[in-house]
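Below are the chains, spelled out letter by letter.
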Amino acid sequence: MISHSKFNGPTLPDEVEHVLMVGVQLKADTEEDVEASLEELERLIDTLGGRVVGHFIQRRETPSPAMYIGKGKAAEIAAKVKELDCSIVAFDNELSGGQQKNLEKELGCRVVDRTGIILDIFSKHARTKESKRQVEMAQLEYLSSRLTGRWTHFERQKGGIGLRGIGEKQIELDRRQIRLRITRLKQELEHSSRERAVQSLHRDRFLRVAIVGYTNAGKSTVMNNLTTGEVLVDDKLFATLDSTVRIIDPKTRPPILLSDTVGFIKKLPHGLVASFRSTLREVLDADLLLHVVDTSSQNYNDQIEVTKSVLEDIGAGDKPMMLVFNKADLVKEFYLPKLLERSHVDSLVVSANRPEDMKRLRDTLYEFFERDMLELEVMVSYQDTWLQSQIHEFSKVLEKQYLEEGARFKIRIMRADANWLRLLDRPRFQPEAKGDNL
């Protein structure tokens, strides 16, 4: 990563894009914050197949309106671009359209910012129609603010970092056409959101757990090992964009659904958060959030705060949450797991690759929901087959007896389900009492 040196020699194959990174340390930033953010930017670039050959950091009170950085630093970077034969300069901060235009003229190469790179990764990893629409809308909103007087349309662009997806198409859209396209995409996404809401109604009687967390924290691996499904697992940032729903254990009553969601990251573009709001509905509908943390990361505390901040932004900050410190097998400090579990209430330290840890996590999920379950004894007439089937579907049947007057059930059930089935309205079971229908 970038911490070992500022520059590496240009010994790369010609087809690999050489990238020079630039970070700006503003008044509120520490040097460690900027270095950590640049390390993350390097991973983003690596995800797109680029290779970072060096980086610059400039300390400034405020960004320069013209180029974000100073004139002297720009000249220094331009010289290094020629020396290292760089095709791209990537800024860790979001640039305005004017700043990007001025920098490209000054540096003599293509300039991209962190937002553009993240949008590019999302475009690369989008698989479903919904996620492609979400990414396209975010890209158009991003690009519309960068239309300057020199552009009346988008020309066909070559591939490469910062140009994937929308830039690969023959697009001749002015601002009005872009607004029309964004409006159309919003309508299509609203339609998808309504379809998702209908699907959600069909799962209304299920308990729901949503996995959230920083990108590359191991969320998909946790999901695969808690369920029997297969979700894409890749050691890349934002490998998973589309939410996936699986049942934890078909035998569990009531059933528990587990959903995997897009990972979060520092400086996540607001347009992307807004675009993916319908996908993140799984988070809003969840009964419990499973916040997965990469314990092996030196910045795991910051990553926890970033995730909590995004959850607040989408209105899920008050949801019940369980912290799961993942990748414990990669932690060198032997004391850290116990320290984390002691300092964070209702947390677990696990490795998603250890079956015994996943069993412990699964049992902990069951125990969480057991706290809100009631134990009831109810009598159901033999004619009421619907109620009997619902009791088997949504409760844990502890005991069942066939008596002359009907079937006696001793069950554990969520209070909401008991209300829905009107079981709480029924008198407690008395051996001499006759059963009645709902």
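Residues numbered from 1 in each chain as written. Predicted model: local features only at pLDDT ≥ 70, side-chain atom pairs only at ≥ 80, totals over all residues. Heavy atoms only, no water.

Caption draft 1: Fine view of the pattern of salt bridges. Tallied over the full model, the rule gives 23 salt bridges. For Asp92, the salt bridge goes to Arg114, with nearest N and O atoms at 2.5 Å. A residue pair is termed long-range when its members are at least 10 positions apart, and Asp92 in the loop between β3 (88-91) and α3 (97-107) and Arg114 in helix α4 (residues 114-125) qualify at 22 residues. Given a relative accessible area of 2%, Asp92 falls into the buried group. For Arg114, a relative accessible area of 2% translates into the label buried. Between Glu375 and Arg412 there is a salt bridge whose closest N-O contact spans 3.7 Å. Taken together, the positions of Glu375 in strand β11 (residues 373-380) and Arg412 in strand β13 (residues 406-414) put the pair 37 residues apart, joining distant regions of the chain. Using a relative accessible area of 41% as the deciding quantity, one classes Glu375 as partly exposed. When salt bridges with common partners are traced through the structure, they connect Glu370, Glu375, Lys396, Lys410 and Arg412 into a single cluster. (Salt bridge = Lys/Arg side-chain N within 4 Å of Asp/Glu carboxyl O. Helix = DSSP H or I, 4+ residues; strand = E, 2+ residues; numbered from the N terminus. Buried < 20%, exposed > 50% of the residue type's maximum accessible area, 1.4 Å probe, protein only.)

Caption draft 2: Spotlight on the environment of Ser145. In this structure, Ser145 sits in the loop between α5 (129-144) and α6 (175-202). We classify Ser145 as partly exposed; its relative accessible area is 46%. When the C-alpha atoms of Ser145 and Ser96 are compared, they prove to be 7.7 Å apart, with 49 residues separating the residues in sequence.

Caption draft 3: Focus on the sheet that holds strand β6 (residues 244-247). Strand order in the open sheet made by the six strands is β6-β7-β5-β8-β9-β10, with mixed pairing throughout. With partners counted over all chains shown, the strands left at the sheet margins are β6 and β10 (347-349), one partner each. Recorded for the sheet is a direction-independent mean angle of 25° between the axes of neighbouring strands. Sheet topology note: the strand β5 (residues 207-213)/strand β7 (residues 256-260) ladder contains five bridges and is parallel. Of the residues in β7, the one forming a bridge with Ile211 is Asp260. Sitting on the sheet, helix α10 (residues 300-313) touches β5, β8 (288-294) and β9 (321-326), and the angle it makes with β8 is about 150°. (Pairing = 2+ DSSP bridges. Axes fitted to C-alpha atoms, helices over the stretch in contact; angles between N-to-C directions. Contact = heavy atoms within 4.5 Å.)

Caption draft 4: Expanded view of the confidence of the model for the protein chain. Scored by pLDDT, the protein chain has a mean of 79; 78% of the residues are at 70 or more. Taken element by element, the predicted model of the protein chain shows its lowest mean pLDDT in helix α8 (residues 270-275) (66) and its highest in β3 (95). In the model, residues 149-158 has pLDDT below 50 throughout and makes 22 contacts with residues more than four positions away in sequence or in other chains. (pLDDT = per-residue confidence, 0-100.)

Caption draft 5: Up close: the side chain of Gln390. Considering the arrangement of structural elements, one finds Gln390 in helix α13 (residues 385-394). Those residues in contact with Gln390, other than ones at most four positions away along the chain, are Ser395, Trp420 and Leu421.

Caption draft 6: Local environment of α4. With twelve residues, α4 should cover 16 Å at 1.5 Å per step; its first-to-last C-alpha distance of 17 Å lies within 8% of that length. Across the twelve residues that make up α4, a large majority, eleven, are buried. Listed in full, the buried residues belonging to α4 are Arg114, Thr115, Gly116, Ile117, Ile118, Leu119, Asp120, Ile121, Phe122, Ser123 and His125. (Expected span 1.5 Å × (residues − 1).)

Caption draft 7: Geometry of the packing of aromatic side chains. Going through the model one piece at a time under the given rule, you end up with three aromatic pairs. Relative to Phe325, the ring of Tyr300 lies with its centre 6.3 Å away and its plane at 85°, an arrangement referred to as edge-to-face. Placement of the pair is Tyr300 in helix α10 and Phe325 in strand β9, with a sequence separation of 25 residues. Both residues of the pair, Tyr300 and Phe325, belong to the buried class. Summarising the aromatic geometry, the rings of Tyr382 and Tyr402 are spaced 6.4 Å apart at their centres and angled 15° between planes, so their arrangement reads as stacked. One end of the pair, Tyr382, is in the loop between β11 and α13; the other, Tyr402, is in strand β12 (residues 395-403), and 20 residues separate them in sequence. Residue classification places Tyr382 among the partly exposed positions, given a relative accessible area of 34%. (Phe/Tyr/Trp six-rings, centres within 6.5 Å; stacked < 30°, edge-to-face > 60°.)

Caption draft 8: Inspection of the pairing of β12 at higher detail. In this sheet, β13 lies alongside β12 in antiparallel orientation, the contact comprising eight bridges. By the bridge assignment, Glu399 is partnered in β13 with Lys410. Linking β12 to β13, which pair antiparallel, is a turn of two residues.

Caption draft 9: A look at the sheet that holds strand β4 (residues 110-113). If you trace the four strands from one edge of the open sheet to the other, you get β2-β1-β3-β4, paired in parallel fashion. Among the strands making up the open sheet, the edge pair consists of β2 (51-59) and β4. Sheet twist, expressed as the average angle between the axes of neighbouring strands with direction ignored, equals 25°.

Caption draft 10: Quick peek at the pairing of β9. With respect to burial, β9 is a largely interior element, five of its six residues being buried. Once you follow β8 into α10 and on to β9, the crossover reads as right-handed. Strand direction decides the pairing type here: β9 and β10, joined by three bridges, are parallel. The residue of β10 that forms the bridge with Phe325 is Val349. Crossover handedness for the path β9 to helix α11 (residues 336-343) to β10: right-handed. (Right-handed = clockwise from strand over helix to strand, strands pointing away.)

Caption draft 11: Structural view of a negative patch on the surface. A cluster of acidic side chains, namely Asp29, Glu32, Asp33, Asp302 and Glu305, defines a negative patch on the protein surface. Mapped by element, the contributors of at least two residues to the negative patch are α1 (31-47) and α10. As for its position among the elements, Asp33 is in helix α1. Assessed through its relative accessible area of 32%, Asp33 is described here as partly exposed. (Patch = residues over 30% accessible without salt bridge, like charges linked within 9 Å, V, L, I, M, F, W, Y side chains within 5 Å. Areas by Shrake-Rupley, 256 points an atom, 1.4 Å probe, with all protein chains shown as cover. Lys, Arg positive; Asp, Glu negative; His and termini not counted. Charge placed at Lys NZ, Arg CZ, Asp CG, Glu CD.)

Caption draft 12: Broad picture of the nonpolar core. Core analysis: the largest hydrophobic core is formed by 36 residues, its most contacted members being Leu41, Ile45, Ile117, Val283 and Leu311. For this core, the elements supplying multiple residues, two or more each, are β1 (18-25), α1, β2, β3, α4, β5 and α10. Broken down by element, the residue count for this core peaks at five residues, all from α1. Beyond its immediate sequence surroundings of up to four residues, Leu311 is in contact with Val212, Phe264, Val283, Leu289, Ala316, Gly317 and Met321. (Core = buried A, V, L, I, M, F, W, Y, C linked by side-chain atoms within 4.5 Å.)

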